[in-house]
Amino acid sequence: GEDVEQSLFLSVREGDSSVINCTYTDSSSTYLYWYKQEPGAGLQLLTYIFSNMDMKQDQRLTVLLNKKDKHLSLRIADTQTGDSAIYFCAERGDYKLSFGAGTTVTVRA
Amino acid sequence: DTGVSQNPRHKITKRGQNVTFRCDPISEHNRLYWYRQTLGQGPEFLTYFQNEAQLEKSRLLSDRFSAERPKGSFSTLEIQRTEQGDSAMYLCASSPINQPQHFGDGTRLSIL
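Residues numbered from 1 in each chain as written. Chains lettered and ligands numbered in written order. Predicted model: local features only at pLDDT ≥ 70, side-chain atom pairs only at ≥ 80, totals over all residues. Heavy atoms only, no water.

Engineer: Whenever I open this one, the pairing of strand S7 (residues 65-68) of chain B confuses me. Can you help?
Structural biologist: A regular strand places its side chains on the two faces of the sheet in alternate fashion. Residue and element names in this part refer to chain B. Side-chain alternation along S7 places Phe65 and Ala67 on a buried face and Ser66 and Glu68 on a face that remains uncovered. With 4 bridges joining them, S7 and strand S8 (residues 75-79) adopt antiparallel strand pairing. Within S8, the position partnered with Ser66 by the bridge is Glu78. Connecting S7 to the next strand, S8, in antiparallel fashion are 6 residues, including Gly72 with a positive phi near 70°. (Buried < 20%, exposed > 50% of the residue type's maximum accessible area, 1.4 Å probe, protein only. Helix = DSSP H or I, 4+ residues; strand = E, 2+ residues; numbered from the N terminus. Pairing = 2+ DSSP bridges.)

Structure (structure tokens):
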């Protein structure tokens, strides 16, 4: 995912909010996605946002998009131990997804 | 909706052997995608189908790789004469046109 960059690690205390950041380069991206991957498993779609939106909220998840700066963030409220995983940001052009390298989120008690 | 199913989950083979993976997409999803994920990286696009037509192949897909989706339902990905560098997780995803992609749990390939 050379076109999508994410910080590699995030450690957060249980009950706090987590914020995962992502930058992308393709200004023609139509949709931007957040996926979650647990050990040994595939990718689970968490949420996505259309490129003409600024914000989307879905239960504990809030996505913010700054299209001018090509910056995407995912906020997880009240982080739980089950949220420990790798989170991938992805942009979509016509059909394929381009992924970042993933942010490993560790939730500590 | 039973989700995207991939078989086998794990494959261990000797260098030089051929391997084939299968993906069963979510019913009625027109599009089917193959990605490859190596350790510490995000998935990288390999190829995709719309119904039975293979519409795009990445330059990552060398001529040792071939993918088919003969009836527009399940797909197979074959790797001939496997090499050490083929060791990776092979992920399949499916979607309706212009809708989010849903992934299977992948096939982990290990080359001895």
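Engineer: Mind showing me how you'd approach the pairing of strand S5 (residues 43-50) of chain A here?
Structural biologist: Residue and element names in this part refer to chain A. The sheet contact formed by strand S4 (residues 31-37) and S5 spans 7 bridges and is antiparallel. Opposite Gln37, over in S5, you have Leu43 as the bridge partner. Between the end of S4 and the start of S5, which pair antiparallel, lie 5 residues, with Gly40 showing a positive phi angle near 75°.

Engineer: Is there a simple way to explain the packing of aromatic side chains in this structure?
Structural biologist: How two aromatic rings sit relative to each other is given by the distance of their centres and the angle of their planes. If you walk through the whole model with that rule in mind, you get 18 aromatic pairs over all chains. Here A:Tyr95 and B:Phe45 contribute two aromatic rings whose centre-to-centre distance is 5.7 Å and whose plane-to-plane angle is 55°, an arrangement assigned as tilted. You can see A:Tyr95 sitting in the loop between strand S9 (85-92) and strand S10 (97-99) and its partner B:Phe45 sitting in strand S5 (residues 44-50), one on each of two chains. You'll find A:Tyr95 and B:Phe45 in the same group, each marked buried. Judged by centre distance (6.4 Å) and plane angle (55°), the ring pair of B:Phe45 and B:Tyr48 falls under tilted. Accessibility classification places B:Phe45 together with B:Tyr48 in one group, the buried group. (Phe/Tyr/Trp six-rings, centres within 6.5 Å; stacked < 30°, edge-to-face > 60°.)

Engineer: For this particular structure, what's the right way to read the state of the cysteines?
Structural biologist: Structurally, a disulfide amounts to a covalent bond that connects the sulfur atoms of two cysteines. Summed over all chains, the structure comprises 2 disulfides over all chains. Paired by a disulfide, A:Cys22 and A:Cys89 hold their sulfur atoms 2.0 Å apart. Handedness here is read from the sign of the S-S torsion; for A:Cys22 and A:Cys89, about -60°, the answer is left-handed. Separated by 67 residues along the polypeptide, A:Cys22 in strand S3 (residues 18-24) and A:Cys89 in strand S9 bring together distant segments of the chain. Take A:Cys22 and A:Cys89: they sit in the same class, and that class is buried. Across a sulfur-sulfur distance of 1.9 Å, B:Cys23 and B:Cys92 are joined as a disulfide pair. (Disulfide = S-S within 2.5 Å.)

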